[in-house]
Amino acid sequence: MFKLTAKALACALSLTIAGLAQAADPIVIKFSHVVAENTPKGQGALMFKKLAEERLGDKVRVEVYPNSSLFGDGKEMEALLLGDVQMIAPSLAKFEQYTKQLQVFDLPFLFNDIAAVDRFQQSAEGQALLKSMESKNITGLGYWHNGMKQLSANKALREPKDARGLKFRVQASAVLDEQFKAVRANPRKMSFAEVYQGLQTGVVNGAENPYSNIYSQKMHEVQKFITESDHGVLDYMLITNTQFWEGLPADVRGELEKINVEVTAEVNKQADALNQEAKEAIIAAGTSEIIQLTPEQRGQWRDAMKPVWGMFEAEIGADLIKAADSANQQ
Ligand code: LMR
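Looking at an unreviewed UniProt entry, one finds the protein chain named C4-dicarboxylate TRAP substrate-binding protein DctP and attributed to Pseudomonas benzenivorans. The UniProt entry for the protein chain carries this comment under Sequence similarities (unreviewed entry): "Belongs to the bacterial solute-binding protein 7 family."

So this is what it looks like as structure tokens:
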């Protein structure tokens, strides 16, 4: 009798353990971002979700929250550190509280084009920056492109003097602040979710964005002119919470790492085309005139803004600026 009971108990116990294992909750990865889904970052987040869930089955569930619907600027980084979200991809302009080195990406007229940005990101110096915040519990998983920024306003901006006295929305970046001060404009830090309304109500008169962000936030409806200035870059670092990442089961982390490499390559392949499509859609909408600068006009903007490099050289490091600049020559 006793024997039977013990056997039954052991059996019941092993069934319970098996049941528990089966019912184990999936690891939930919340991926929060501030842009629309039809942008390079929006697409990247969805691609990551699709591949992770396809390849890891019940082990992982990815929840994507676009358009600042879970956390906006200023809050998403805090949320990552508190474990309220597990992945975010802030623009490289939004890291200055964590490292001054990433300010290199904000320097005006540093990169000739997105290909130069890409070469710098893939260089030893660029890759080292991904690991530069681990002591602060932030691990960089890769760089995602959006693209080069264009200036917009309700006034035609052809020469630096046209910007004088205008209020420009900037991301939370001291470099971008100085960039607008250099042309005697007034920078205003504002979170991304507030930009459309800020432009519509005149709290700010202008902004700087890649075409994909202008179009997907309908900023072209409230900006009569877009100057194709390509004066700086808006790219992202895909980041996770270091402790969370290192605590993942090795097989899950390994698969997610592979997926990240694939998604990053795909985002970076598609970003340019998405910006081109957005530009064409803006032209088709007919709300804004796109201004092409002459080489002389572009030179004037460069001359006015480039002194900003010197202001941040000590914080960023002269060698890092040099390494970034040399990516133009390769
Ligand atoms: C911005 O605030 O302008 C951008 O960082 C938004 C984004 O994530 O592209």
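(A) Broad picture of the overall build of the protein chain. Helix and strand counts for the protein chain come out as 13 helices and eleven strands. Principal-axis analysis of the C-alpha atoms places the extent of the protein chain at approximately 95 × 45 × 30 Å. A burial count over the protein chain gives 52% of its 330 residues as buried. Taking as baseline every contact in the protein chain between residues at least 6 positions apart, the subset at least 24 positions apart corresponds to 75%. Split by element, the accessible area of the protein chain, about 15,000 Å² in all, is 53% carbon and sulfur.

(B) Layout of the site of the ligand. Around the ligand lies a shell of 13 residues, among which K41, K94, R169, Q171 and Y236 are the nearest. Take K94: an N or O atom from its side chain is 2.7 Å from an oxygen atom of the ligand. Within the contact set of the ligand, an oxygen atom lies 2.5 Å away from a side-chain nitrogen or oxygen of Y236. The protein chains hide 100% of the 270 Å² of surface that the ligand would expose on its own. Partitioned by chemical class, the residues of the shell around the ligand number five nonpolar, four polar and four charged.

(C) Highlighting the nonpolar core. Residues F31, F48, W144, L256 and V263 are the most contacted members of the largest nonpolar core, which totals 41 residues. Residue assignment for this core shows that the elements contributing at least two residues are β1 (27-32), α2 (40-56), β2 (60-65), β4 (138-148), α7 (195-201), α8 (211-216), β10 (233-241) and α10 (250-285). In terms of residues, this core owes the most to one element, α10, which gives seven residues. Dropping the residues within four chain positions of it, W144 is found in contact with F31, K41, G44, A45, A89, D235, Y236, L238, V263, T264, V267 and N268. One finds L80, L107, L129 and M133 within the second-largest nonpolar core, a separate group that totals 36 residues.

(D) Fine view of the side chain of N137. Position of N137 among the secondary structure elements: in the loop between α5 (124-130) and β4. Relative accessible area serves as the criterion here: at 18%, N137 is assigned to the buried category. Excluding its chain neighbours within four sequence positions, the residues that come into contact with N137 are L81, T240, N241, T242 and Q243.

(E) Seen up close, the pairing of β1. Two elements, β1 and β2, share six bridges in a ladder whose sense is parallel. Among the inter-strand pairings, V28 is bridged to a residue of β2, identified as R61. This β-α-β element, β1 to α2 to β2, shows right-handed connectivity.

(F) Inspection of the pattern of salt bridges at higher detail. If you walk through the whole model with that rule in mind, you get 14 salt bridges. For E63, the salt bridge identified is with R61, shortest N-O distance 2.8 Å. Taking relative accessible area as the criterion, E63 reaches 19% and is therefore assigned buried. K181 is the salt-bridge partner of D177, the closest N and O atoms lying 3.6 Å from each other. One end of the pair, D177, and the other, K181, are both in helix α6 (residues 174-181), four residues apart, so they sit about a helical turn from each other. Among the residues examined, D177 registers a relative accessible area of 14% and is labelled buried. Take K181: its relative accessible area is 43%, and that puts it in the partly exposed class.

Rules and cut-offs
- Residues numbered from 1 in each chain as written.
- Predicted model: local features only at pLDDT ≥ 70, side-chain atom pairs only at ≥ 80, totals over all residues.
- Heavy atoms only, no water.
- UniProt positions renumbered as here; feature names shortened; annotations may be inferred.
- Helix = DSSP H or I, 4+ residues; strand = E, 2+ residues; numbered from the N terminus.
- Buried < 20%, exposed > 50% of the residue type's maximum accessible area, 1.4 Å probe, protein only.
- Contact = heavy atoms within 4.5 Å.
- Areas by Shrake-Rupley, 256 points an atom, 1.4 Å probe, with all protein chains shown as cover.
- Near = heavy atom within 4 Å.
- Polar contact = N/O pair within 3.5 Å; in protein donor to acceptor, adjacent residues only side chain to side chain.
- Nonpolar A, V, L, I, M, F, W, Y, C, P; charged D, E, K, R; others polar.
- Core = buried A, V, L, I, M, F, W, Y, C linked by side-chain atoms within 4.5 Å.
- Pairing = 2+ DSSP bridges.
- Right-handed = clockwise from strand over helix to strand, strands pointing away.
- Salt bridge = Lys/Arg side-chain N within 4 Å of Asp/Glu carboxyl O.

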